[in-house]
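Descriptive structure summary
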Amino acid sequence: MTAATAAPRGDWAGLVRRGLVHAVVVAMALVWMTPTVGLLVSSFRPASEVARSGWWAAFEPPFAFTLQNYERVLTANNLGDSLVNSLLVSVPATAIPMMVAAFAAFAFAWMRFPGRDALFLVVVALLIVPLQMTLIPVLRLYNQLGLTGSLLGIWLAHTGYGLPFAIYLLRNFFAALPREMLESAYVDGASPVTVFFRLVLPTSVPALASLAIFQFLWVWNDLLVALIYLGGRPAVAPLTVTVANLVNSLGQNWQLLTAAAFVSMLPPLAVFFALQRYFVRGILAGSVKG
Amino acid sequence: MDRLAQALVALVLVPLATAAYVVLAERALSLLPQRRREQARPWLWLAPGLALLVVFLVYPSLQTAALSVFDAGSTAFVGLQNYAWLLGDQQFLVTLRNNLLWLVVFTGVTVLLGLTAAALADRVRYEGVVRAVLFLPMAISFVAAGVIWRFVYDFQPAGAPQTGVLNALLSAVVPGFEPQAWLVNEPWNNFAIIAAAVWTWTGFCMVVLSAALKGVPVELLEAARVDGATEWQVFRRVVLPMIAPTLGVVTTTMLIFALKAFDLVYVMTNGNYGTEVLANRMYKELFNVQDFGRASAIAVLLFMAILPIMALNLRRFRAQEREGR
């Protein structure tokens, strides 16, 4: 509790006000949880039950829960393959921009050259550019180079799109490192490469972690870039594309659809829970990818 | 598995390639005299990043702007014809209206709810839990969120037991309530989709605003309270001005997102029943109609709508940079 919102209490009105605060907060939390809980519960119910009653009825007898839905979506609906595809897309598409951005960020933070600040401003300004402004020309380029539907193509695309935010985030962090630390290393005869790999990177782990999580979640949850560059080929489709297609083909089969959605949610939720601290820190760094 | 091999190769090759690039770059640099070396070095470090930015962001944007004044197959120059056609198209005007709805309603509600949640949760001990619960939807994809909310809005004919939470709740609470097809009834279906987006992004607003609230100096608040101000006055006169910059950042972020909304609409209605937004219309023009001129024009319009919002952000960004020196 901070002083920004604390109030002097001790009287009846104060008590009512406090009760109201609790009521509103708890109500909001419940409202926020309900949709996800509904999804989770439905994914364990058999088809007959899902069509007949709302998911809250699952808590009354007869209790009918099943793992069949998960079995079915993982095998028959291609979700197992899509899970692998999502990994194959997300991991490199996180690692590559991090490395490229780290080099550029180090140059922006600790090297002097004419036009440095102006160029950095331009890079940050590129955060504005919506994906849509780049889709057609890049797609054409990919068609010419035969990169459409390839993993390399989507890795490079996500790298390009992710660079403005990554460079911005890392450069701000690098620039805040103590000058003495770097200067004493240079005085001792270290080269910029050594300083970068042995000094800057190890001390920047929090920022790198934030960036990694941000980029990973962004790529894992992305639909548009995958739709455009992976071309809807089921063989390479990641989870988002597959589940989106299932919405059309499975229609009212909520027991399957909810299971599929939950499978797609698990990895990012796991990452999020394990590393929430870094994720929040990345957001508070002052800019958000969009 | 061919893809697995590809990925393994990538995971090994990429670090190797990076290391090789750095080593080669430094070798090349050592061939130069000292002064030249220091001049050239930054550019070598920047080169991969700058190259990718140009290839994926700068050059394509210019090309798209150019394509927007050509015809569908990008062969004949047609001037502003694509734009004129779009602005005369009834469906497109509905699309613009929808984006306006998103801009106003989505931004307003998320920021308001986020601020409320941040201010109220600040006063309870279980603030961390509440924040996690509200923030959780940010971790999942919009595809999953779309499925979740389609399920919430599910509709069964009157008389049959309802499977969607909203219809069931309203049927139980409101006498004589007729189950609604929330995603079909125009124009309210727009608000239904926006609600799903609000559910996803309120947590973000709450987290950022919560950090800002905790940064308000205690002394200022104590001074105001000692002077006899009510809590509401303290909030309005002391707290709000202090968190105004953060409110600005959060609001502009939400505004930009509202303009770019695609995934939710794609999954929940695919733009049918009058719910189309700019990003979806562009996708359809690109892949269904295959009219590159029109699709590019839509992209340019989207960009132009975002520019004024971002200009505000950049101005503040530069002010911050100047202060920080």
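Computed from a prediction, not measured in an experiment: that's the story for all the values here.

**Brief notes about the overall build of chain B**
Within chain B, the regular secondary structure consists of 13 helices and zero strands. Mapped in sequence order, the helices and strands of chain B form the string α-α-α-α-α-α-α-α-α-α-α-α-α. Taken over the C-alpha trace, chain B has a radius of gyration of 26 Å; the compact-globule value for 325 residues is 20 Å, which it surpasses by more than 25%. Judged by the C-alpha coordinates and their principal axes, chain B covers about 85 × 65 × 50 Å. Taking all 325 residues of chain B together, 52% fall into the buried category. Accessible area of chain B: about 15000 Å², with a carbon and sulfur share of 67%. Between the centroid of the 24 positive side chains of chain B and the centroid of its 20 negative side chains there is a distance of 9 Å.

**A few points about a nonpolar patch on the surface**
Taken together, the side chains of V26, L30, M33 and V37 of chain A make up a nonpolar region of the molecular surface, amounting to roughly 310 Å² of accessible area. Its place among the elements puts V26 of chain A in helix α1 (residues 12-43).

**Side note on the packing of helix α4 (residues 90-121) of chain B against helix α10 (residues 231-260) of chain B**
All names here are of chain B. Viewed as axis vectors pointing N to C, α4 and α10 meet at an angle of 140°, and their least axial separation amounts to 9 Å. It follows that α4 is oblique to α10 by the angle criterion. As α4 packs across α10, the resulting crossing turns out to be right-handed. Contacts between α4 and α10 pair N99, W102, L103, F106, T107, T110, V111, L115 and A119 from the former with F235, L240, I243, L247, V250, T251, M254, L255, F257, A258 and L259 from the latter. Partitioning the contact of α4 with α10 into residue classes produces 16 nonpolar, four polar and no charged.

**Some remarks on the confidence of the model for chain A**
Residues with a pLDDT of 70 or more make up 93% of chain A, whose mean pLDDT is 86. Here helix α14 (residues 276-284) of chain A stands out as the least confident element of chain A, with mean pLDDT 72; helix α6 (residues 132-145) of chain A is the most confident, with 93.

**Points about the packing of aromatic side chains**
For the coordinates displayed, the defined rule picks out 35 aromatic pairs over all chains. Centre to centre, the rings of F108 of chain A and F113 of chain A are 6.2 Å apart; their planes meet at 45°, and the pair counts as tilted. One aromatic cluster in this structure is built from F103, F106, F174, F196 and F197 of chain A together with W45 of chain B. The residue whose ring lies beneath R171 of chain A is F120 of chain A, and the NZ or CZ to ring-centre distance is 4.2 Å. R294 of chain B extends its terminal NZ or CZ atom over the ring of W85 of chain B, reaching a point 3.6 Å from the ring centre.

**Some words on the side chain of T275 of chain B**
Residues and elements named next belong to chain B. As for its placement among the helices and strands, T275 is situated in the loop between α11 (263-268) and α12 (278-289). Its relative accessible area of 0% is what places T275 among the buried residues. Within the structure, T275 has its side chain in polar contact with the side chain of T269 (distance 2.7 Å). Leave out the neighbours within four places in its chain, and T275 touches N98, N189, N190, I193, V265 and T269.

**Some thoughts on the packing of α4 of chain B against helix α8 (residues 188-214) of chain B**
Residues and elements named next belong to chain B. Packing of α4 against α8 brings their axes to within 6 Å, and their N-to-C directions diverge by 40°. By the angle class used here, α4 and α8 are oblique. The hand of the α4/α8 crossing is right-handed. Here the residues of the contact of α4 with α8 sort into 22 nonpolar, six polar and one charged.

**A short note on the interface of chain B and chain A**
The interface is formed by 111 residues belonging to chain B together with 120 residues belonging to chain A. For the pairing of chain B and chain A, the buried interface totals around 10000 Å² over both sides, and the portion due to carbon and sulfur atoms is 78%. One can count zero salt bridges joining chain B with chain A. One can count eight residue pairs in polar contact (both at pLDDT 80 or more) joining chain B with chain A. For the side of chain B that touches chain A, the leading source of residues is helix α2 (residues 34-67) of chain B, giving 20 residues. In the side of chain B that touches chain A, the residues fall into 79 nonpolar, 16 polar and 16 charged.

**Some details on helix α9 (residues 218-226) of chain B**
All names here are of chain B. Every buried residue belonging to α9 is among L221, A224 and R225, and all of these are buried. The arc enclosing the buried residues of α9, seen along the axis, measures out at 100°, which places them on a common side. In α9, the exposed residues that point more than 90 degrees away from the buried face are E219 and V226. Its buried side turned inward, α9 meets α10.

Rules of the game
Residues numbered from 1 in each chain as written. Chains lettered and ligands numbered in written order. Predicted model: local features only at pLDDT ≥ 70, side-chain atom pairs only at ≥ 80, totals over all residues. Heavy atoms only, no water. Helix = DSSP H or I, 4+ residues; strand = E, 2+ residues; numbered from the N terminus. Rg over C-alpha atoms; globule rule 2.2 N^0.38 Å. Buried < 20%, exposed > 50% of the residue type's maximum accessible area, 1.4 Å probe, protein only. Areas by Shrake-Rupley, 256 points an atom, 1.4 Å probe, with all protein chains shown as cover. Lys, Arg positive; Asp, Glu negative; His and termini not counted. Charge placed at Lys NZ, Arg CZ, Asp CG, Glu CD. Patch = residues over 30% accessible without salt bridge, like charges linked within 9 Å, V, L, I, M, F, W, Y side chains within 5 Å. Salt bridge = Lys/Arg side-chain N within 4 Å of Asp/Glu carboxyl O. Axes fitted to C-alpha atoms, helices over the stretch in contact; angles between N-to-C directions. Parallel < 35°, antiparallel > 145°, perpendicular 65-115°, else oblique. Left-handed = near helix turned anticlockwise from the far one by under 90°. Contact = heavy atoms within 4.5 Å. Nonpolar A, V, L, I, M, F, W, Y, C, P; charged D, E, K, R; others polar. pLDDT = per-residue confidence, 0-100. Phe/Tyr/Trp six-rings, centres within 6.5 Å; stacked < 30°, edge-to-face > 60°. Lys NZ or Arg CZ within 6 Å of the ring centre and 35° of its normal. Polar contact = N/O pair within 3.5 Å; in protein donor to acceptor, adjacent residues only side chain to side chain. Buried area = accessible area lost by both parts, 1.4 Å probe. Arc of directions from axis to C-beta.

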